[in-house]
2 protein chains.
Amino acid sequence: MLGASGVEMTIAVSEAGGMGALAAGALTPDDIVEQSAAIRQRTAAPFSVNLLVVRPAAPDGATVAAAMERLRPWRERLGLEAPPTPNSFAPDFDDQFAALLRAAPPVASFAFDLLSRPQVEALQARGTLVVGTATTVAEARAWAALGVDAICAQGGEAGGHRGEFLKPGPGSLIGTMALTANIHAVVDLPVIAAGGIMNGRGVAAVLALGAAAAQMGTAFLLSDEATISAAWRDRIETVGDDPTVVTRAFTGRNARGIDNGFIRDMRQDEDHVPAYPVQNRLTRELRAAAAEAGESEMLSLWAGQGVSLARAGSAGDLVQRWWEEARAASREVHERTHGRGDLRR
Amino acid sequence: MLGASGVEMTIAVSEAGGMGALAAGALTPDDIVEQSAAIRQRTAAPFSVNLLVVRPAAPDGATVAAAMERLRPWRERLGLEAPPTPNSFAPDFDDQFAALLRAAPPVASFAFDLLSRPQVEALQARGTLVVGTATTVAEARAWAALGVDAICAQGGEAGGHRGEFLKPGPGSLIGTMALTANIHAVVDLPVIAAGGIMNGRGVAAVLALGAAAAQMGTAFLLSDEATISAAWRDRIETVGDDPTVVTRAFTGRNARGIDNGFIRDMRQDEDHVPAYPVQNRLTRELRAAAAEAGESEMLSLWAGQGVSLARAGSAGDLVQRWWEEARAASREVHERTHGRGDLRR
């Protein structure tokens, strides 16, 4: 939810009885501390902070030059000059992590890679519950072995970046239904199910699977508090059937979003773009300019497979509505499965 | 469930209160009539017959020769002679359909392509309810426009062949959670959810999503009535984490199964193998010989993403157990969502 969920959404969701999540992957250390403090000041409810575990990148000049050249047609289309080669490609994770320890939020979640065991323990010593994101059973086992407090099972439906870190690719696209059940069966930790959960029916469904909680992202993209660009919002509001694809063209890491011209044009090259965070950094100005220009054909329109079910409203009202829907759905299923003595009709 | 669900499983499931399904895609017209009659004789409960909508194939000689050559190393490994070029590649669908009309089962389901409207109406005139298999919202709309009675939503988790017919490929791998919700939202027909449903928790989950029923295949593969080879069964019993992939190497149509040597060796060629049913026919003897020899590295080990949760037992006992589990799961979710007045803790 980078670029979509900031302080306001986090507070709104937590105040409504959900657990808001601050997408902190792109924040400076100071911002992590300050925004966490701002949330704490305005709600007494639990909230979480999400970081992306990214190793420092030092691509060679030729790699960067080739990647920049691939993007030239798009820069020209938007009237942008070639920018100088960046000095750094992502915020330093160790600095972010140190700031997170100072902020000590009630919950911290991580994606893209594992923490070290001392990092997990340092957070827990500060009273922070640690959640690891897994796209496969093997990844869930790896997080569990580090002693984390819960697993986020990121199903294949989910929008945005894939958390995959052991075997990136199609094998790490496991549907939420199967992934939640599989992880619940073998890992003795609470499972937070993510991917394709768009309303209270989805919440009730993952609770039935044994999940401890439902994690929703795409479902909030049309909320008042979502900080996405107008072009991204417009595309979601007018989206057709079956609109999403997985691509690594924008950032060098597989991510699910609404298909568009950039993804299609880059399809033949996408296996060759430099890995995250390099490609992510190199397309940053392009994406910002595209958002500014309302040019959604080259914007990263992250969204999950349930995106057509996204609804507008305040984030807090959505949370309350989904909970009422979950109650209604659970009542419906309870009546249906208890209305007769056995299965035969 | 071709090769896995025959007369015995169909009867066992229907007698237990589920709705058994006869996998009839490879049956002769006479077998369709006779096996349907045999089921009817032994149970008064509803059952369904599943057919695959396959157009006649007439590949040119060079295509067949190239495909045969690709398989040579595997024939040699199994000590098989090169077989003569087949005269036909699949049972004639029109003949199968005519037999189905005579058999007039309570329910008939179809995958791989659409029926014509007169075909749908002919079945309905015989009292048969018609179910169309969809892997995307667009496919569900296409079936609905033909006037069918229900949609089977085949989520990306599902084992065996993908039903995809509009845009085959990754875009037609939509997780069961999202696909069920998406189709339920826009198509005014009962939705039968399939893919990743391995036990009663999964059944309760898809009912919560709004599905009218849960369709389970992989969950039956270890049942007493499953007619799969010993090698296939062994691999399921000893399967590791995250074992499945989608491949078209075996049959020329995307299908999900347990990864093995044949799939890996054919990975670079799989886009070039002739489309179903040609490749399916050309690998038939190989797969039969591999099953005979217990050589699971070149057997099509169809299975869904939840396969590690498959359990042994009689199919009827499994159905009853899943229903009890579904009742327990729905009670649990009902209590959890109704135990307090609002969402805040």
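Being a predicted model, the structure only gives us computed values, none of them experimental.

Looking only at helices and strands, chain A has 14 helices and ten strands in total. Taking 345 residues into account, the globule formula puts the C-alpha radius of gyration at 20 Å, and chain A, at 20 Å, falls close to it. With the C-alpha coordinates aligned to their principal axes, the bounding extent of chain A is approximately 70 × 45 × 40 Å. Within the span of chain A, comprising 345 residues, buried residues form 55% of the whole. The long-range share in chain A, meaning contacts at least 24 apart out of those at least 6 apart in sequence, stands at 69%.

When chain B is fitted to chain A, the best match, at an RMSD of 0.0 Å, comes from turning it 180° and sliding it 0.0 Å along the axis. The transformation just described matches what one would write down for a two-fold rotation axis. Interface overlap between copies is the fraction of interface residues in one copy that are interface residues in the other; for chain B against chain A it reaches 100%, indicating a shared surface.

Turning to the domain arrangement of chain A, a few remarks are in order. Residues and elements named next belong to chain A. Here chain A is partitioned into domain 1 (7-54 + 91-226 + 310-338) and domain 2 (60-89 + 244-302). On the side of domain 2, eight residues touch domain 1, which itself brings nine residues to the contact. Each residue belonging to the side of domain 1 that touches domain 2 can be placed in one class, and the counts come to four nonpolar, three polar and two charged.

The subject of this paragraph is the packing of helix H14 (residues 315-338) of chain A against helix H13 (residues 315-338) of chain B. Their axes nearest at 8 Å, the elements H14(A) and H13(B) cross at an angle of 145°. Note on packing geometry: the crossing formed by H14(A) with H13(B) is left-handed. Together, Ala326(A), Arg327(A), Ser330(A), Arg331(A), Val333(A), His334(A), Thr337(A) and His338(A) of H14(A) and Ala326(B), Arg327(B), Ser330(B), Arg331(B), Val333(B), His334(B), Thr337(B) and His338(B) of H13(B) make up the contact between the two elements. Grouping the constituent residues of the contact of H14(A) with H13(B) by class yields four nonpolar, eight polar and four charged.

Moving on, we get to the interface of chain B and chain A. Often the size quoted for an interface is simply the accessible area lost on bringing the parts together. Listed as interface residues are 57 residues of chain B and, on the opposing side, 58 residues of chain A. Where the side of chain B that touches chain A is concerned, the elements lending two or more residues are helix H6 (137-145), helix H7 (176-186), helix H8 (200-208), strand E9 (244-247) and H13 of chain B. Considering each element in turn, the side of chain B that touches chain A owes the most residues, 13 residues, to H13(B). Its residues assigned to classes, the side of chain B that touches chain A comprises 27 nonpolar, 21 polar and nine charged.

Neighbouring strands of a sheet are bound in pairs by backbone hydrogen bonds; such pairs are parallel or else antiparallel. All names here are of chain B. Ordered in space as E1-E2-E3-E4-E5-E7-E8, the seven strands form an open sheet in which the pairing is parallel. In this open sheet, the two strands that pair with only one neighbour each are strand E1 (20-23) and strand E8 (213-215). Strand-to-strand twist of the sheet, defined as the mean angle between neighbouring strand axes without regard to direction, takes the value 25°. In this fold helix H1 (residues 7-15) packs onto E1 and strand E2 (47-52), with an angle of close to 165° to the strand it touches most, E1.

What follows is about helix H1 (residues 7-15) of chain A. Residue and element names in this part refer to chain A. Of all the positions in H1, only Met 9, Thr 10, Ile 11, Ala 12, Val 13 and Ser 14 are classed as buried. Packed against the buried residues of H1 are strand E1 (20-23), helix H2 (29-42), strand E2 (47-52) and H14. Looking one or two places after H1, you find Gly 17, whose phi comes out positive at around 110°.

About the cut-offs
Residues numbered from 1 in each chain as written. Chains lettered and ligands numbered in written order. Predicted model: local features only at pLDDT ≥ 70, side-chain atom pairs only at ≥ 80, totals over all residues. Helix = DSSP H or I, 4+ residues; strand = E, 2+ residues; numbered from the N terminus. Rg over C-alpha atoms; globule rule 2.2 N^0.38 Å. Buried ≥ 20, exposed ≤ 12 C-beta atoms within 10 Å, placed from the backbone. Contact = placed C-beta atoms within 7 Å. Least-squares fit on C-alpha atoms with pLDDT ≥ 70 in both. Domains from an automatic or database assignment. Nonpolar A, V, L, I, M, F, W, Y, C, P; charged D, E, K, R; others polar. Axes fitted to C-alpha atoms, helices over the stretch in contact; angles between N-to-C directions. Left-handed = near helix turned anticlockwise from the far one by under 90°. Pairing = 2+ DSSP bridges.

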